[in-house]
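Examination of the molecular architecture
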Amino acid sequence: MGNETLAKTDSGRRTSRVSVKPAGSPAGFVDGAWWPRTADLAAELPDLLAALAGRLGAAERVTFNLTAWEPPGRRLIVGGRVVRLEGFRSQHPGTLTVIGTGGQRRLTLLTVPPGTEPGTAGRVLRTASEVGNVESPEALLGADGMASARQRWEAEGGRLRAPA
């Protein structure tokens, strides 16, 4: 299949649900996908950053769309290190970017809404992380009834909105 699913548990922590293209693969629009359990970015990031540490090293910054998440604050302490959280209205609401120390390495991930049915989420994770995949977030999330999952997430407190 070519993609690598990164999952890491650490002293009772949950396993992160993320899949990324192999290192050195052409990125396309996204480098892979992440399926958080909730719409609380600050609560979800520690597991994601732990899962990506082998690929990026220590995370220095995370960028996200301001309208897609509840405001998480500007900094988060993860593993004793400060991670800057930077929200932008210009960033696609279906993506999140994790930047490693020194800005040398970065991964842009499609964000699968938390309320998505597991089979659908798994397909989106696999498709987004396939080598050669260059589909847009709209195309990736539009498949398999993702629109209803996005609507459910927003109705249950998530703030993901379609781009204006």
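Residues numbered from 1 in each chain as written. Predicted model: local features only at pLDDT ≥ 70, side-chain atom pairs only at ≥ 80, totals over all residues. Heavy atoms only, no water.

1. Thoughts on the overall build of the chain
This is how the line gets drawn: Segments assigned H or I by DSSP are reported as helices when at least four residues long, segments assigned E as strands when at least two residues long, and all are numbered from the N terminus. Buried residues are those whose accessible area, probed at 1.4 Å on protein chains only, stays under 20% of the maximum for their type, while exposed residues exceed 50% and partly exposed ones sit between those limits. Each accessible area value is a Shrake-Rupley result obtained with a 1.4 Å probe; residue values ignore everything except the protein chains displayed when judging cover.
Each helix and strand in the chain was counted, giving four helices and eight strands. A burial count over the chain gives 46% of its 164 residues as buried. Accessible surface, the chain as shown: approximately 7700 Å² in total, 51% of it carbon and sulfur.

2. A few points about helix H2 (residues 118–128)
Three or four residues apart is the spacing at which side chains of an α-helix point the same way, because the helix has 3.6 residues per turn. To keep it simple, the criterion reads: Polar contacts, as counted here, are pairs of nitrogen or oxygen atoms within 3.5 Å of one another; within protein the pair requires one atom able to donate a hydrogen and one able to accept it, and residues that are adjacent in sequence qualify only if both atoms are side-chain atoms.
What H2 keeps buried is the set Thr120, Ala121, Gly122, Val124, Leu125 and Ala128. Two or three places before Gly119, at the opening of H2, Glu117 has a side-chain oxygen 3.0 Å from that residue's backbone nitrogen.

3. Looking at the packing of aromatic side chains
Defined as follows: Think of it this way: a Phe, Tyr or Trp ring, Trp meaning its six-membered ring, pairs with another when their centres are within 6.5 Å, and the plane angle makes it stacked under 30 degrees, edge-to-face over 60, tilted otherwise.
Counting across every chain of the model gives one aromatic pair. Judged by centre distance (5.9 Å) and plane angle (25 degrees), the rings of Trp34 and Trp69 are stacked. Within this pair, whereas Trp34 is found in strand E3 (residues 32–34), its partner Trp69 is found in the loop between strand E4 (59–65) and strand E5 (75–78), the two being separated by 35 residues in sequence. Considered together, Trp34 and Trp69 belong to a single accessibility category, that of buried residues.

4. Brief notes about the pattern of salt bridges
Inclusion rule: Just to be clear on terms, a salt bridge is a Lys or Arg side-chain nitrogen sitting within 4 Å of an Asp or Glu carboxyl oxygen.
Taken as a whole and assessed by the stated rule, the structure comprises two salt bridges. The salt bridge involving Glu86 is made with Arg84; its shortest N-O contact spans 3.3 Å. One network of salt bridges, with partners in common, ties together Arg61, Arg84 and Glu86.

5. Concerning the confidence of the model for the chain
Worth spelling out the cut-off: Confidence scores labelled pLDDT are given residue by residue by the predictor and lie between 0 and 100. Contact definition: two residues touch when any of their heavy atoms are within 4.5 Å.
Here the chain shows a mean pLDDT of 82. Residues at 70 or above account for 77%. A low-confidence stretch, residues 5–12 (pLDDT under 50), is modelled with 16 contacts involving residues beyond four sequence positions or located in other chains.

6. Description of the nonpolar core
To be explicit about the condition: To form a nonpolar core, buried Ala, Val, Leu, Ile, Met, Phe, Trp, Tyr and Cys residues must be joined to one another through side-chain atoms within 4.5 Å.
Judged by nonpolar contacts, the single largest core of 23 residues is most densely connected at Leu48, Leu52, Leu96 and Val98. For this core, the secondary-structure elements that each account for two or more residues are strand E2 (18–20), helix H1 (41–56), E4, E5, strand E6 (81–88), strand E7 (95–100) and strand E8 (106–111). Top element by residues in this core is H1. It accounts for seven residues. Apart from the residues lying within four places of it in its own chain, the contact partners of Leu96 are Trp34, Leu41, Leu48, Val62, Thr63, Phe64, Trp69, Gln91, Leu107, Thr108, Leu109 and Thr111. In terms of nonpolar packing, the next biggest core, distinct from the first, is built from 11 residues, Val112, Ala128, Leu140 and Leu141 among them.

7. Digging into the pairing of E8
Put simply, the rule is: The criterion for strand pairing is that DSSP finds at least two bridges linking the strands in question.
In terms of burial, E8 is largely enclosed, as five of its six residues are buried. Where E3 lies against E8, three bridges are found, and the strand directions are parallel. Counted as the bridge partner of Gly32 is Leu109 from E8. Bridge count between E7 and E8: five bridges; the pairing is antiparallel. By the bridge assignment for E8, Leu96 is matched with Leu109. What sits between E7 and E8 in their antiparallel hairpin is a turn of five residues, with Gly102 showing a positive phi close to 80 degrees.

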